[in-house]
2 protein chains.
Amino acid sequence: MARELVESRRTQYTRRALRDALIELLADKPLARITVRELCERADVNRSTFYAHYPDLDSLLRDIEEDTIDWVNGTLQQLLERPDPDSVGRVIEHVCRYIADNRSHLRVLMSPQADLRFQQQLLGLIYGRIDLATQLQGTDPQEAEMRMHFAVSGSIGLLQHWLASEPTAPPETVARIITTMALPAR
Amino acid sequence: MARELVESRRTQYTRRALRDALIELLADKPLARITVRELCERADVNRSTFYAHYPDLDSLLRDIEEDTIDWVNGTLQQLLERPDPDSVGRVIEHVCRYIADNRSHLRVLMSPQADLRFQQQLLGLIYGRIDLATQLQGTDPQEAEMRMHFAVSGSIGLLQHWLASEPTAPPETVARIITTMALPAR
DNA sequence: TGCCAAACCGACACTGTGTTGGTTTACTGG
DNA sequence: CCAGTAAACCAACACAGTGTCGGTTTGGCA
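Since the model is a prediction, treat every value here as computed from it, not as a measurement.

Caption draft 1: Fine view of the relation of the copies chain B and chain A. By a simple turn and slide, chain B fits onto chain A: the slide is 0.0 Å along the axis, the RMSD is 0.1 Å, and the turn is 180 degrees. When the rotation and shift are considered jointly, the pair of chain copies conforms to a two-fold rotation axis. Among all C-alpha atoms of chain B, that of Gly154 of chain B lies closest to the rotation axis, at 1.8 Å. A high fraction, 100%, of the interface residues of chain B reappear at the interface in chain A, so the copies pair face to face through one surface.

Caption draft 2: Region of interest: the domain arrangement of chain A. All names here are of chain A. For chain A, the assigned domains read domain 1 (1-54) and domain 2 (61-186). Taken together, the 11 residues of domain 1 in the interface contact eight residues of domain 2. Buried area between domain 1 and domain 2, both sides added, is near 930 Å², and the carbon and sulfur share of it is 64%. Interface area lost by domain 1 to domain 2 is led by Arg19, Ile23 and Leu26, which between them contribute 60%. Across the contact surface, domain 1 and domain 2 share two salt bridges. Of the charged contacts in the structure, one is a salt bridge between Asp67 and Arg19, with a shortest N-O distance of 2.4 Å. Taken together, the links from domain 1 to domain 2 amount to three residue pairs in polar contact (both at pLDDT 80 or more). Here the residues of the side of domain 1 that touches domain 2 are counted per class, giving seven nonpolar, no polar and four charged.

Caption draft 3: Quick peek at the interface of chain B and chain A. Of the residues lining the interface, 29 residues belong to chain B; the matching set on chain A comes to 29 residues. Regarding the contact of chain B and chain A, the summed buried area is about 2600 Å², with carbon and sulfur atoms giving 68% of it. For the chain B face of the interface with chain A, the top three residues by lost area are Met146, Phe150 and Met181 of chain B, together amounting to 31%. If you look at where chain B meets chain A, you find two salt bridges.

Caption draft 4: Spotlight on the packing of helix H5 (residues 57-81) of chain A against helix H6 (residues 87-101) of chain A. Residue and element names in this part refer to chain A. For the pair H5 and H6, interaxial distance at closest approach is 11 Å and the crossing angle is 145 degrees. The hand of the H5/H6 crossing is right-handed. The residues of H6 that touch H5, namely those facing Thr68, Trp71, Thr75, Leu76, Leu79 and Leu80, are Ser87, Arg90, Val91, His94 and Tyr98. Residue composition of the contact of H5 with H6, by class: six nonpolar, four polar and one charged.

Caption draft 5: The UniProt feature "DNA-binding region" (unreviewed entry) in chain A, seen in detail. UniProt records the feature "DNA-binding region" (unreviewed entry) for residues 35-54 of chain A in the present numbering. Across residues 35-54 of chain A one finds 75% helix and 0% strand; the C-alpha atoms that close the span lie 14 Å apart.

Caption draft 6: Representation of unusual backbone geometry in the model. Residue and element names in this part refer to chain A. The peptide bond linking Glu166 to Pro167 adopts the cis configuration, its omega dihedral lying at -5 degrees. Its identity as a non-glycine residue notwithstanding, Asp44 has a phi of 55 degrees, on the positive side. In this structure, Asp44 sits in the loop between helix H3 (36-43) and helix H4 (47-53). Judged by relative accessible area, which is 70%, Asp44 ranks as exposed.

Caption draft 7: The protein's contact with DNA strand C, seen in detail. Residues in contact with DNA strand C amount to 18 residues; listed here are only the nearest, Asn46 and Thr49 of chain A together with Val36, Arg37 and Arg47 of chain B. Among the atoms of DNA strand C close to the protein, meaning within 4 Å, 63% are from sugar or phosphate groups. Here Ser48 of chain A contributes a side-chain N or O atom positioned 3.0 Å from a base nitrogen of DNA strand C. Between a phosphate oxygen of DNA strand C and a side-chain N or O atom of His53 of chain A, the distance comes to 3.2 Å. Mapped onto the surface near DNA strand C, the elements with two or more residues apiece are helix H2 (9-26) and H4 of chain A together with helix H2 (9-26), helix H3 (36-43) and helix H4 (47-53) of chain B. Top contributing element to the surface near DNA strand C by residue count: H4 of chain A, with four residues.

Caption draft 8: Structural context of the side chain of Arg103 of chain A. Within the element layout of this structure, Arg103 of chain A appears in helix H7 (residues 103-109). Residues contacting Arg103 of chain A, with those up to four places away along its chain left out, are Trp162, Leu163, Ser165, Glu166 and Thr168 of chain A.

Caption draft 9: A look at the UniProt feature "domain: HTH tetR-type" (unreviewed entry) in chain A. Mapped onto the present numbering, the UniProt feature "domain: HTH tetR-type" (unreviewed entry) falls at residues 12-72 of chain A. Helix makes up 75% of residues 12-72 of chain A and strand 0%. Its end C-alpha atoms lie 23 Å apart.

Quick notes on the rules
Residues numbered from 1 in each chain as written. Chains lettered and ligands numbered in written order. Predicted model: local features only at pLDDT ≥ 70, side-chain atom pairs only at ≥ 80, totals over all residues. Heavy atoms only, no water. Least-squares fit on C-alpha atoms with pLDDT ≥ 70 in both. Contact = heavy atoms within 4.5 Å. Domains from an automatic or database assignment. Buried area = accessible area lost by both parts, 1.4 Å probe. Salt bridge = Lys/Arg side-chain N within 4 Å of Asp/Glu carboxyl O. Polar contact = N/O pair within 3.5 Å; in protein donor to acceptor, adjacent residues only side chain to side chain. Nonpolar A, V, L, I, M, F, W, Y, C, P; charged D, E, K, R; others polar. Axes fitted to C-alpha atoms, helices over the stretch in contact; angles between N-to-C directions. Helix = DSSP H or I, 4+ residues; strand = E, 2+ residues; numbered from the N terminus. Left-handed = near helix turned anticlockwise from the far one by under 90°. UniProt positions renumbered as here; feature names shortened; annotations may be inferred. Buried < 20%, exposed > 50% of the residue type's maximum accessible area, 1.4 Å probe, protein only. Near = heavy atom within 4 Å.

As structure tokens, then:
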């Protein structure tokens, strides 16, 4: 694990070229329609070099996604350390602002063209940490889980629409809508 | 158009074989990992015969999905003809019951493995016809659209979870959750 | 500056794709 | 009941992408 942290300048450049190229291609078409060949062509990297780094396109995509996942994890950690009565709303707003700041990358990663698994993982992480269950106390556990799924998928859909549409609504508005729709009125 | 309605018994059998085979395969893996070859093998249909019917796997899938779309369209037409003050809740419940009745097919078509486009089309159809906008009267149109997207995606996620989980909750419960979360409290 | 890891290159066997021309087979209408 | 025909079968094709080699440059760090 520690060894991998020490990447030579050359390999870093190659990996970045591959990652950037994939993002560019994903803006045009779904992953299934992208070939290793054209990716390498665009990245100006030899095809065999690609295979030296990743077994397939899926792995490359997951590598890219990992950065965002890591950021969210770290941020959640920080935010939840200091106790805050209204933590839920604050976390959601914080994440929305992050998304707005990294719009160009995330509009691709969050698009329906991209990887649904990542999107669910991302939102599931947030709602899981927040422990939505405590917000839904008193209700039937099976029903609470269903509401949870509605909230996660609904948030994904809203965020996708937000990132795809112009002009862009302010992150605060989006956060407010998510909060009001995902959580039961108190 | 009229000509296509008259299908010989043979072609009907072939098409059904292909459709059933695809449903079976989709239960195992996503569309992207399914090849025309293995589909034909399972369907016991010659590969060139497949191409005589469909240009690619995507078209076959859309053909299957069309049946459900047609049913929903027809049902909506019927239900919305007779005016009903509480039409929204009734439509949603009706659709949930249909899904429960055709569980085996729809659990595949609705799965994340399958086609997201279909799922959005299906739910978008319902919410569009219902004209959720009227439910959201008085609010900012941009915000109304965002809530709409939340509602559609949320419903999809909930339905996916519902179809995938055991034991199965009654359709009435699911309909109630969708109604309460998608529509603003009056 | 010399070393060596990492990128490049060309070639390989393999699998899947669409398409085509010719054949068999099984419905259907007379 | 059987002839005609539409539809399914079959074999073979050119082509594109995959994953994996061994051998060769090349760039950067010590």
